[in-house]
Amino acid sequence: MSAAVEILPPDTRDESSRRALAVHRVREDFPILSQKVRGKPLVYLDNAATSQKPQAVIEALQRYYAVENSNVHRGIHLLSEQATQAYEAARARVQRFVNAASTREIIFTRGTTESINLVAASYGRRHLQPGDEVIISWMEHHSNIVPWQMLCEEKGAILRVVPINDDGEFLLQEYEKLLNPRTRLVSVTHVSNALGTINPIGEIIAMAHRWDVPVLVDGAQAAPHLPVDVQALDCDFYAFSGHKLYGPTGIGVLYGKARLLDAMPPYQGGGDMIRSVTFEKTIYNALPYKFEAGTPNVAGAIGLGVAIEYLEQFGLENLAAYEHELLSYATPAISRIPGVRLIGTAREKTSVLSFVLDGVHPHDVGTILDREGIAIRTGHHCAQPVMDRFGVPATARASFAFYNTREEVDALVAGIHKVIEVFS
Amino acid sequence: MSDLRELYQEVILDHHKNPRNFRILEGANRTAEGYNPLCGDRITIYLQLQGDVITDISFQGVGCAISKASASMMTTRLKGKTRAEAEALFGKFHRVVTGQRDLAPDGPELGKLEVFAGVSEFPVRVKCASLAWHTLRAALDGGSQTVSTE
Ligand SMILES: Cc1ncc(COP(=O)(O)O)c(C=O)c1O
């Protein structure tokens, strides 16, 4: 594994070259980054869609299937015991990663989307009555909009939306006005995938709690880029995806306070989630298994645990600081380009740059950058209300990870100039 | 750069910047809307159809250079053509942008529309080039639903 930022030679005086050296070594941990696409070195700037995987994660998956594969919680043979141990060790790692009080509060899901749907289907179905209200914000990903729309439609409840300002910031005062005795749940993103805005999530939670309203935090874009402490935040639910956290696809997490989870009905029925079944009566299993029906994604959970272990050798604060430095370098470099308009200029941001270019559709920007080996996302980023709010059909979005470099930002700037040249 | 120049030919960039027949058609008796959810492109095609002949055609909408230029050049090409001629052109156009020209090399000459041949090197952009044509077909068929490329 590579050297952490802080264990580099202390006599390396120049701050930026010190960082560059560390990144150079970090990049070697990610085999995909050394390849060429279309004859050019890959510049991967689509990390908000999914991040790349370090060798340690790839090897963990390979090792699992090569020597450990077995079903969990049901075999008395050695392999099953080992697989169960590894699966539960991954859960414990996730628990420490988000500082949950207990592993009972960590439920493995397919990803953020399933985590949110679980809460909507279980907690939401149980607690919503006609005329009740659910609050979300204008900057939600579709996966934190549609489950609530479906639930509200089913229950005759009302979906309330907190507006955002022209910088893409959550409006706390407007939110305060929406909270009322009919509010049953608040579900808000920690970090916006389309804008990069970091929301004042602690205040959002505290304000809801004054009304005794629980809060679900969509942490899909936050968990990979900020240290998360669910107890300090006092959030009631926290959802995130493994694949954006340098882990495998198909694995995600729902954190929930044990008190709430205990009182919630199961989400799906099947094996593993029961204690005993007769045709007359089924007794559900204890947490967290009550919410993990069927054979889980054992390899995925193990891979996620290894991804977290990989990140923790650097410290999330250090990775966040590096990414912030990269954002501070990229923001003026991109916004200086004639015709570029940044979408999402909040004071508090993760390393996401959404932009539009005068007279050029984002799709054309994406195609031309792709020919330069630069991977960005173009489109509505599953956040159409955000696009409507800013009056654009789509944006081009570059999103950075700790393995990206200033040279790659320079390549992006050069690529955008090429777009302008083609269209001039 | 060369395949980019193939895609973004001068003609295409010109039609993108100065789209022809880019207006609402007063007296249109057929319209249809097209939508590409992948990139958010939206287009409306207006037709004046007399018997089997497209006597006038226009479009409106937002989209990338490829979809806008394709719509613009389609309208200039189709004015005065019959429904059957339009269908045959679409068939040929579609084969060319999907790189399947050899499947049926005969059919009408594409003429200026040949500039879209470069799209075949960019599979994700085929939908951009064909959105206007799909929408045209919906308008000819008389449906009033939005056609989607997905
Ligand atoms: C803010 C946010 N929420 C939810 C999701 C959905 O995550 P997944 O597709 O991994 O379930 C995403 C990812 O696209 C996201 O960025």
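Going by the structure above, here's the rest.
Residues numbered from 1 in each chain as written. Chains lettered and ligands numbered in written order. Predicted model: local features only at pLDDT ≥ 70, side-chain atom pairs only at ≥ 80, totals over all residues. Heavy atoms only, no water.

1. Quick word on the overall build of chain B
Phase 1: Broken down by element type, chain B carries five helices and four strands.
Phase 2: For chain B, the sequential pattern of α-helices and β-strands runs α-α-β-β-β-α-α-α-β.
Phase 3: The C-alpha atoms of chain B give 14 Å as radius of gyration, which agrees with the globular expectation for 150 residues (15 Å, within 12%).
Phase 4: Its C-alpha atoms give chain B principal-axis dimensions of roughly 45 × 35 × 30 Å.
Phase 5: Across the 150 residues in chain B, those meeting the buried criterion constitute 47%.
Phase 6: Put simply, 60% of the contacts in chain B that link residues at least 6 apart link residues at least 24 apart.
Phase 7: Roughly 6700 Å² of accessible area belongs to chain B as shown, and the carbon and sulfur atoms make up 49% of that amount.
Phase 8: Treating the 18 positive side-chain charges of chain B as one cloud and the 18 negative ones as another, the clouds have centres 4 Å apart. (Helix = DSSP H or I, 4+ residues; strand = E, 2+ residues; numbered from the N terminus. Rg over C-alpha atoms; globule rule 2.2 N^0.38 Å. Buried < 20%, exposed > 50% of the residue type's maximum accessible area, 1.4 Å probe, protein only. Contact = heavy atoms within 4.5 Å. Areas by Shrake-Rupley, 256 points an atom, 1.4 Å probe, with all protein chains shown as cover. Lys, Arg positive; Asp, Glu negative; His and termini not counted. Charge placed at Lys NZ, Arg CZ, Asp CG, Glu CD.)

2. Quick look at the pattern of salt bridges
Residues and elements named next belong to chain A.
Phase 1: Scanning the model with the defined rule gives 25 salt bridges over all chains in all.
Phase 2: Note that arginine 104 is salt-bridged to aspartate 262, the shortest N-O span being 3.3 Å. Linking arginine 104 in the loop between helix H3 (78-97) and strand E4 (106-109) with aspartate 262 in helix H9 (residues 258-263), this pair joins segments that are 158 residues apart in sequence.
Phase 3: The exposure class assigned to aspartate 262 is partly exposed, which follows from its relative accessible area of 43%. (Salt bridge = Lys/Arg side-chain N within 4 Å of Asp/Glu carboxyl O.)

3. What about the packing of helix H4 (residues 112-127) of chain A against helix H5 (residues 146-155) of chain A?
Residues and elements named next belong to chain A.
Phase 1: It is the contact of H4 with H5, at a shortest axis distance of 9 Å, that shows an interaxial angle of 20°. For the element pair H4 / H5, the angle class is roughly parallel. In the packing of H4 onto H5, the handedness of the crossing is right-handed. Along its contact with H4, which presents Ile116, Asn117, Val119, Ala120, Gly124 and Arg125, the element H5 presents Pro147, Trp148, Leu151, Glu154 and Lys155.
Phase 2: Here the residues of the contact of H4 with H5 sort into six nonpolar, two polar and three charged. (Axes fitted to C-alpha atoms, helices over the stretch in contact; angles between N-to-C directions. Parallel < 35°, antiparallel > 145°, perpendicular 65-115°, else oblique. Left-handed = near helix turned anticlockwise from the far one by under 90°. Nonpolar A, V, L, I, M, F, W, Y, C, P; charged D, E, K, R; others polar.)

4. What to know about the sheet that holds strand E17 (residues 395-399) of chain A
Residue and element names in this part refer to chain A.
Phase 1: Taken in spatial order, the four strands make up an open sheet running E13-E14-E17-E16, and their pairing is antiparallel. Each edge of the sheet is formed by a strand with only one pairing partner; in this case those strands are strand E13 (340-343) and strand E16 (377-379). Recorded for the sheet is a direction-independent mean angle of 30° between the axes of neighbouring strands.
Phase 2: Direction of pairing for E13 relative to strand E14 (residues 352-357): antiparallel, over a ladder of four bridges. Bridge pairing in E14 links valine 340 to leucine 357.
Phase 3: Across the sheet, helix H11 (residues 316-335) touches E13 and E14, and the angle it forms with E14 is around 5°.
Phase 4: Strands E13, E14 and E17 of the sheet are contacted by helix H14 (residues 406-423), whose axis makes an angle of about 15° with E14. (Pairing = 2+ DSSP bridges.)

5. Concerning the environment of asparagine 318 of chain A
Phase 1: Examined against the element boundaries, asparagine 318 of chain A turns out to sit in helix H11.
Phase 2: Counting along the chain gives 13 residues from asparagine 318 of chain A to glycine 305 of chain A, while the straight-line C-alpha distance between them is 19 Å.

6. Some details on the packing of aromatic side chains
Phase 1: On inspection of all chains with the given rule, the structure shows 20 aromatic pairs over all chains.
Phase 2: Judged by centre distance (5.7 Å) and plane angle (85°), the ring pair of phenylalanine 30 of chain A and tyrosine 310 of chain A falls under edge-to-face. In this pair, phenylalanine 30 of chain A sits in the loop between helix H1 (15-27) and strand E1 (36-37) while tyrosine 310 of chain A sits in helix H10 (residues 298-312), placing the two residues 280 residues apart along the sequence.
Phase 3: Taken together, the aromatic side chains of Phe30, Tyr246, Tyr310, Phe314, Phe402 and Tyr403 of chain A make up a single cluster linked through ring pairs.
Phase 4: Sitting over the ring of tyrosine 35 of chain B, arginine 42 of chain B keeps its end group 4.1 Å from the ring centre.
Phase 5: Stacked on the ring of phenylalanine 22 of chain B, the Lys or Arg lysine 68 of chain B has its end atom at 5.1 Å from the ring centre. (Phe/Tyr/Trp six-rings, centres within 6.5 Å; stacked < 30°, edge-to-face > 60°. Lys NZ or Arg CZ within 6 Å of the ring centre and 35° of its normal.)

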